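# Architecture at a glance
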Amino acid sequence: MAMAAAPGPPRFEHHTDASPALGLGTGAPRLSWTIPDAEPDYQQTAYEVEITRRGAVELHTVESCEQILVPWPGEPLSSREAASLRVRVAHGDTWSEWSSAASVEAGLLEPTDWAATFASPVGLGATEMPAPILSSTITISGDVSSARLYATAHGVYVATLNGSRVGDQVLAPGWTSYPNRLRYQTYDVTDLVRSGENVLEVLLGDGWYRGHLGFKGEKALYGDRLALLAQLEITTTDGHRHVLATDESWSARESEILTHDLYDGQRTDLRRRDRNWHPGIAGVERIEADMTRLVAPEGPPVRITEVLPARRVWRSPSGRTLVDFGQNAVGWVRLRVRGLAPGDEVIVRHAEVLENEELGTRPLRAAKATDTYLVAGSSEEILEPALTFHGFRYAEITGLADLRNEDIEAVVAGSDLRRTGWFTSSHELLNRFHDNVVWSMRGNFLDVPTDCPQRDERLGWTGDTQVFAPTAMFLFDTAGFLGSWLGDLQAEQETDGSVPFVIPDVLRDQSPAAAAWGDAATIVPWVLYERTGDRGILARQLPSMRRWVDKIAALAGPDRLWTGGFQFGDWLDPTAPPDRPGDAKADPDVVATAYFARSAETVARAARVLQQLDVADQYAALAKAVRTAFAHAYVTPAGRVLSDAQTVYALTVMWDLLPSDEQRSEAGRRLADLVRESGYRIGTGFVGTPLVTDALAKAGHADVAYRLLLQTECPSWLYPVTMGATTVWERWDSMLPDGSINPGEMTSFNHYALGAIADWLHRSVAGLAPGAPGYREIVVRPLLSSTLTSASARHLTPYGEAHVAWEINSDRFHLAVRVPVGATGHVYLPGTETAEIVRHGNHSWDVAVQIDTPALVPAFTD
Ligand code: BGC
């Protein structure tokens with residue numbers, strides 16, 4: 001029997017080191033582990049979980065080959081209960097060593113666990129008034145053994161305990177569908193509390209709750225009262241639990257933050273930090289609020305993830321001081337200043353681009369993105385905001401006579417997701433494009449997957465998330481993050497199945513239903529399942545998935561064609577005029593019915609995974625009927641598709657919407673012709689872009705796919721890179737070739753949607769694709785091209801690290817593959833149609849290839 005190395009410590013649900021399993025929302029978290037190494041024949045036949053809780057040890061032995069998201073084997077944890085777990089695995093009678101231990105602790109699982117009530121300041125902290133600080137004290141005698149702070153707010157909060165900041169989260173509790181789901185955070189504050197008096201102070205800000213949200217200029221969409229819910233629990237060595245909970249006895253005072261807003265920025269009076277400044281003290285009152293909405297986080301919090309130095313400081317033609325950080329990013333500017341007089345004003349404005357050598361703020365639309373400081377005038381001061389963020393590469397700084405590069409930094413903030421995916425190739429521009437995708441994801445995965453991070457929008461647009469989800473799931477561990485967002489989607493879906501255009505829904509349209517946007521309800525859960533093997537997410541979302549498809553079915557009626565009504569369509573294709581972004585070449589009805597078929601099929605697949613066979617049959621039959629109706633209405637017998645656009649061919653080729661082989665090959669041929677006719681320039685918008693290269697390759701035109709991919713003229717993926725872009729743009733020509741900013745309303749320079757092609761780079765160019773849910777099977781099928789001499793991708797799959805790297809050297813093709821323990825690799829060598837199946841470990845091949853071999857069949861068949 002073959003031996004395995006000790007597994008890594010067990011992981012709980014989708015938590016990572018960046019979001020440790022402290023304050024979990026379930027008492028029975030599922031467990032996963034990776035096995036770093038094993039003998040070639042090793043195959044797990046059993047595992048053992050050792051749970052140490054309340055001083056006792058339990059052993060659970062389970063015969064199973066599963067190692068991902070296995071059920072919690074013991075009694076569920078109760079609220080606040082902690083346990084320590086180890087795991088070991090066996091092949092037959094041969095057991096591995098034990099893993100190291102991982103600890104887990106449940107949060108407050110029941111509303112009745114909260115002694116605290118929501119407390120809101122009275123007479124201060126109202127809209128447009130300085131941000132309030134709520135505070136109270138607790139005196140304890142005896143030695144502290146442990147302490148936890150549970151907290152959330154209507155608004156955002158920053159807590160300090162005895163003068164030290166609690167945790168390192170930014171903008172907690174983040175943004176969820178507040179009326180349905182409000183996150184609370186759990187902090188281990190054992191090191192911050194002490195015997196004697198303890199002072200808890202919490203700054204409250206508007207955040208998403210009460211600040212501006214959306215492009216209609218609206219504010220306070222969730223309520224106009226800030227409120228805090230906090231419960232500090234200190235356990236002393238005698239076993240006694242001392243509780244400080246928000247109630248009417250707390251007091252409030254004004255902070256130094258005079259005004260603040262996520263879009264507009266923050267105005268801070270640092271003179272108020274002076275000991276001699278005495279703010280007025282006010283009381284608080286209790287706010288009635290639904291405690292059943294409280295949920296524990298499923299993903300990591302927002303944190304500072306990096307700090308970028310200033311690259312260049314200079315004077316603009318109009319005499320303003322500008323700073324370039326060299327990277328379009330999301331966060332804020334931090335300044336170190338000296339020698340100023342009390343009350344001197346320093347102003348920081350932000351922009352993503354320059355125009356006419358000045359800050360190009362027009363794309364920010366109504367967002368003022370300006371931070372202002374009235375300095376204290378001390379010898380050295382640090383200026384940075386606490387309750388806002390901006391999307392910027394450049395800043396303009398007023399009020400400082402001399403500025404040194406080393407005194408200026410860009411602080412990068414975002415959800416602290418674990419990086420899990422990398423790609424590189426022999427093509428420098430392509431590598432920079434991939435970096436740009438990563439940066440756009442980092443900027444826009446700030447608690448909610450947003451369209452853009454800079455203008456008066458920053459909303460969880462469903463269509464953008466839907467097309468980008470596969471890329472996101474490869475680059476970063478986003479299962480918890482997107483799982484939480486899907487929880488909001490389900491909560492906000494209307495009873496008739498409509499899916500709001502943005503989640504959390506702040507647009508509040510009546511009965512919204514738009515193809516590709518609403519289909520986030522079906523496609524995002526499926527992508528999560530495909531990439532993680534998490535059946536639980538499908539089980540949780542299936543009712544929502546079905547309701548969405550039922551909604552479309554009702555809209556389509558008996559002819560099964562979803563026609564008319566409002567559609568975003570192939571949003572922002574290059575032919576759409578700047579002021580009419582939905583006016584794309586692809587017919588919106590064709591797009592809508594294609595998505596109808598796709599979503600019905602996705603529900604059928606999900607139901608089959610969940611063994612709900614009747615449901616699966618019902619939706620499979622619906623999908624078939626929709627495909628038939630589609631072909632009848634929109635496809636000619638020869639294989640032309642209505643509106644004859646790149647996107648409609650990409651959809652039909654990829655989603656099996658063409659009944660005959662002749663139609664399929666004609667559609668593929670026509671797509672290739674259209675791309676050639678356009679001079680290998682892109683002709684797709686949000687809908688077609690993630691599919692077009694896949695479709696070309698699937699139809700046997702991989703050479704055309706590569707020419708399209710590597711095009712540098714506008715419009716193309718690489719054109720922005722040649723223009724110096726460091727993030728993905730919203731439109732193909734957000735900056736026009738003459739360096740001016742596109743006059744359209746939609747001109748963000750940080751929008752990940754068109755970066756969805758990165759998934760194809762990983763799956764097909766490098767050739768690392770999921771063949772079975774959770775990468776239990778890894779399909780290695782690189783799509784070779786004479787334009788690249790090497791490519792590689794690395795991904796931390798649920799089973800561990802997978803790696804594919806290929807290189808062409810004169811006429812030799814070299815392939816190196818790493819398969820983690822628990823998975824198998826299905827490797828297709830150039831020119832072969834049969835996979836070689838390899839088990840865990842490192843493998844390599846060296847074979848002869850002819851460079852002019854047309855690019856090979858793609859890895860992804862769907
Ligand atoms: C957003 C897009 C979004 C679109 C939908 C825009 O304002 O920025 O990314 O999907 O609206 O129409």
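Residues numbered from 1 in each chain as written. Predicted model: local features only at pLDDT ≥ 70, side-chain atom pairs only at ≥ 80, totals over all residues. Heavy atoms only, no water.

- An unreviewed UniProt entry annotates the protein chain as alpha-L-rhamnosidase of Kribbella speibonae.

### Comments concerning unusual backbone geometry
- Note the cis peptide between I503 and P504, where omega equals -10°.
- Inspection of the secondary structure puts P504 in the loop between α4 (479-492) and α5 (520-532).
- Of the consecutive residues C714 and P715, the connecting peptide bond is found in the cis state with omega at -5°.
- For P715, the location among the structural elements is in the loop between α12 (702-709) and α13 (719-722). (Helix = DSSP H or I, 4+ residues; strand = E, 2+ residues; numbered from the N terminus.)

### Some words on the packing of helix α6 (residues 535-556) against helix α8 (residues 613-634)
- The geometry of α6 relative to α8 is characterised by a closest axis approach of 12 Å and an angle of 30° between their N-to-C directions. Like other packed secondary-structure pairs, α6 and α8 cross with a definite hand, here left-handed. Taking contact as the criterion, the partners of R546, V549 and D550 in α6 are, on α8, V615, Q618, Y619 and L622.
- Tallied by class, the residues present in the contact of α6 with α8 amount to 4 nonpolar, 1 polar and 2 charged. (Axes fitted to C-alpha atoms, helices over the stretch in contact; angles between N-to-C directions. Left-handed = near helix turned anticlockwise from the far one by under 90°. Contact = heavy atoms within 4.5 Å. Nonpolar A, V, L, I, M, F, W, Y, C, P; charged D, E, K, R; others polar.)

### Overview of α8
- With 22 residues, α8 ought to run about 32 Å at 1.5 Å a step, and its terminal C-alpha atoms sit 31 Å apart, in line with that.
- Among the residues of α8, those classed as buried are V615, A616, Y619, L622, A623, V626, A629, F630, A631 and Y634.
- Looking at the buried residues of α8, the elements they touch are α6, α7 (588-609) and α9 (646-654). (Expected span 1.5 Å × (residues − 1). Buried < 20%, exposed > 50% of the residue type's maximum accessible area, 1.4 Å probe, protein only.)

### Some words on the UniProt feature "domain: Alpha-L-rhamnosidase concanavalin-like" (unreviewed entry) in the protein chain
- With numbering matched to this structure, UniProt assigns "domain: Alpha-L-rhamnosidase concanavalin-like" (unreviewed entry) to residues 316-412.
- Span residues 316-412 is 0% helix and 56% strand, its end C-alpha atoms 25 Å apart. (UniProt positions renumbered as here; feature names shortened; annotations may be inferred.)

### Some remarks on the site of the ligand
- With respect to spatial proximity, the complete set of residues near the ligand consists of D451, R455, E457, W461, D464, W517, F568, W571, F686, E730, M746 and H751.
- At a separation of 3.0 Å, an oxygen atom of the ligand approaches a polar side-chain atom of W517.
- Contact distances for the ligand include 3.4 Å between an oxygen atom and a side-chain N or O atom of E730.
- Here the ligand has 310 Å² of accessible area as a free molecule, and 97% of this is covered by the chains.
- Split by residue class, the shell around the ligand holds 6 nonpolar, 1 polar and 5 charged. (Near = heavy atom within 4 Å. Polar contact = N/O pair within 3.5 Å; in protein donor to acceptor, adjacent residues only side chain to side chain. Areas by Shrake-Rupley, 256 points an atom, 1.4 Å probe, with all protein chains shown as cover.)

### A short note on the packing of aromatic side chains
- Scanning the model with the defined rule gives 28 aromatic pairs in all.
- Ring geometry for F445 and Y752: centres 5.6 Å apart, planes at 55°, overall tilted. Residue F445 is located in strand β35 (residues 445-446), and its partner Y752 is located in the loop between α13 and α14 (758-766); the two are separated by 307 residues in the primary sequence.
- Look at F445 and you get buried, because its relative accessible area is 2%.
- Measuring from ring centre to ring centre gives 5.2 Å for W526 and Y529, while their planes differ by 55°; the resulting arrangement is tilted. A residue pair is termed a helical-turn pair when its members lie 3 or 4 positions apart in one helix, as W526 and Y529 do in helix α5 at 3 residues. Each member of the pair, W526 as well as Y529, is classed as buried.
- Each member of the aromatic cluster is reached from another via a ring pair, and the members are W461, F501, W517, F566, F568, W571 and F686.
- Of note, R312 hangs over the ring of W314, and the distance from its end group to the ring centre comes to 3.8 Å.
- The aromatic ring of W422 is capped on one face by R794, whose charged end is 4.2 Å from the ring centroid. (Phe/Tyr/Trp six-rings, centres within 6.5 Å; stacked < 30°, edge-to-face > 60°. Lys NZ or Arg CZ within 6 Å of the ring centre and 35° of its normal.)

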